[in-house]
Amino acid sequence: MRRGRPGASPGGAAERTLTSVGAGDGDAVADGGAMTRGAGRGEASRLWHITLSVSGNEAPLREVRRALEQLAHDHPFLLTSRYANDHAEIRYWEEARDLHDAAAVALRLWGEHRSSARLPPWEIVGLEVIDRDTYHQRVAEGYGPPPASPVGVHPF
């Protein structure tokens, strides 16, 4: 799996290439900027738009903002975060082989970075994972999430 923003140049100096954990069906192989599993199978990764919603007991707004800014600094693939004192929403693009891989990474994000970013001890209460085409179709039809702009951390 590669994490990055859509349109980011493949093979850039700052780009990290990650692999997903499979069922022991072969090693992950980089193939022309796309990740494939199993040399002969050619399962190219795709971009998935992730919306992760978290909620819990109230926390000071200043601390919530600082924690989300730290998460965005540590992981520049995050597009935008919105927050209040008892909930937040994080939106970003994930590159993964399939929906299952993208969802698994998204479901680990909050817990794995709770300590390093000093995130509130909130739980995940919502997850939406849609492919790039569906995201753009929704936006074009006017009923999907608006484009993640401005990028950054903002109050609700």
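Each value, and the rule that gives it
Here the residue index of a chain counts from 1 through its sequence in written order. Thresholds applied to this predicted model are a pLDDT of at least 70 for local features of residues and 80 or more for the giving and counting of side-chain atom pairs; totals over whole chains, interfaces and linings are not thresholded and use all residues. The side-chain figures draw on all heavy atoms in the structure; neither hydrogens nor water molecules are used. Burial status follows relative accessibility: with a 1.4 Å probe on protein chains alone, a residue under 20% of its type maximum counts as buried, one over 50% as exposed, and anything between as partly exposed. Helix and strand assignments come from DSSP, with helices taken as H or I runs of at least 4 residues and strands as E runs of at least 2, each series counted from the N terminus. By the convention used here, strands pair only if DSSP detects at least 2 bridges between them. An expected span of 1.5 Å times one less than the residue number is assigned to each helix. Working rule for contacts: check all heavy atoms of both residues, and any pair within 4.5 Å makes them a contact. We define a polar contact as two N or O atoms separated by no more than 3.5 Å, with the added condition that, inside protein, one atom must be a possible hydrogen donor and the other a possible acceptor, whereas residues neighbouring each other in sequence contribute only through side-chain atom pairs. Salt bridge, as used here: a side-chain nitrogen of Lys or Arg that lies within 4 Å of a carboxyl oxygen of Asp or Glu. Only buried residues count toward a nonpolar core. Its members are Ala, Val, Leu, Ile, Met, Phe, Trp, Tyr and Cys residues joined through side-chain atoms within 4.5 Å. Lines are fitted to the C-alpha atoms to define the axes, a helix being fitted only along its stretch in contact, and any angle between axes, read from their N-to-C directions, falls within 0 to 180 degrees.

Q: Would you explain the pairing of strand 4 (residues 78-83) in this entry?
A: The two faces of a sheet get side chains in turn, since along a regular strand they alternate between them. The buried count for strand 4 comes to five of six residues, which makes it a mostly enclosed element. By the bridge criterion, five bridges tie strand 4 to strand 5 (residues 87-96) in an arrangement that is antiparallel. When the sheet's bridge partners are listed, L78 is paired in strand 5 with Y92. The pairing of strand 4 with strand 7 (residues 152-155) spans four bridges and is parallel. Across the sheet, residue R82 finds its bridge partner in strand 7, namely H154.

Q: How do you make sense of helix 2 (residues 99-112) when you look at a structure like this?
A: Working note: α-helix, 3.6 residues per turn, so residues spaced by three or four point in the same direction. In a regular helix each residue adds 1.5 Å, so 14 residues correspond to 20 Å; helix 2 covers 20 Å between its end C-alpha atoms and thus fits that length. Along helix 2, the positions that sit buried rather than exposed are D101, A102, A103, V105, A106, L109 and W110. If you follow the buried residues of helix 2, they end up packed against strand 3 (46-55), helix 1 (61-74), strand 4, strand 5 and strand 6 (123-131). For helix 2, the N-terminal cap is D98; the gap from its side-chain oxygen to the backbone nitrogen of H100 is 3.2 Å.

Q: What am I meant to see in the pattern of salt bridges here?
A: Pairs can form between side chains of opposite charge once their charged atoms are near each other. For the coordinates displayed, the defined rule picks out six salt bridges. R97 is the partner of D101 in a salt bridge, and the nearest nitrogen-oxygen pair spans 3.3 Å. Classification of D101 as buried rests on a relative accessible area of 10%. In this structure, R108 and E112 form a salt bridge, with 3.3 Å as the shortest nitrogen-oxygen distance.

Q: Even after reading the chapter, I still don't get the environment of P76, so can you show me in this structure?
A: Its location among the elements puts P76 in the loop between helix 1 and strand 4. Of the residues examined, P76 reaches a relative accessible area of 53% and is grouped as exposed. Here the alpha-carbon distance between P76 and Y92, two residues 16 residues apart in the chain, equals 9.4 Å.

Q: Sorry, what's going on with the nonpolar core here?
A: For soluble globular proteins, the rule of thumb is that nonpolar side chains tend to be buried together. Membership of the largest hydrophobic core comes to 26 residues, with the highest contact counts inside it found for L68, I90, Y92 and W110. For this core, the elements supplying multiple residues, two or more each, are strand 3, helix 1, strand 4, strand 5 and helix 2. Those residues in contact with W110 that sit more than four places away from it in its chain are L52, V54, L68, I90, L119, P120, W122 and I124. Counting residues in each nonpolar core, the second largest holds five residues, with L47, L79, I130 and Y135 among its members.

Q: I'm lost on the sheet that holds strand 3 in this one. Help?
A: Strand pairing in a sheet takes place through backbone hydrogen bonds and is either antiparallel or parallel in direction. Spatially, the five strands line up as an open sheet ordered 6-3-5-4-7, and their pairing is mixed. Strands at the two margins of the open sheet, each flanked by one partner only, are strand 6 and strand 7. Ignoring which end each strand starts from, the neighbouring axes of this sheet average 15° apart. In this structure, strand 3 lies alongside strand 6, joined through eight bridges in antiparallel fashion. Residue V54 lies in a different strand from strand 6, and its bridge partner there is I124. Contacts from helix 1 reach strand 4, strand 5 and strand 7 within the one sheet, and its direction differs from that of strand 4 by about 170°. Across the sheet, helix 3 (residues 132-141) lies against strand 3, strand 5 and strand 6, angled at about 90° from strand 6, the strand it touches most.

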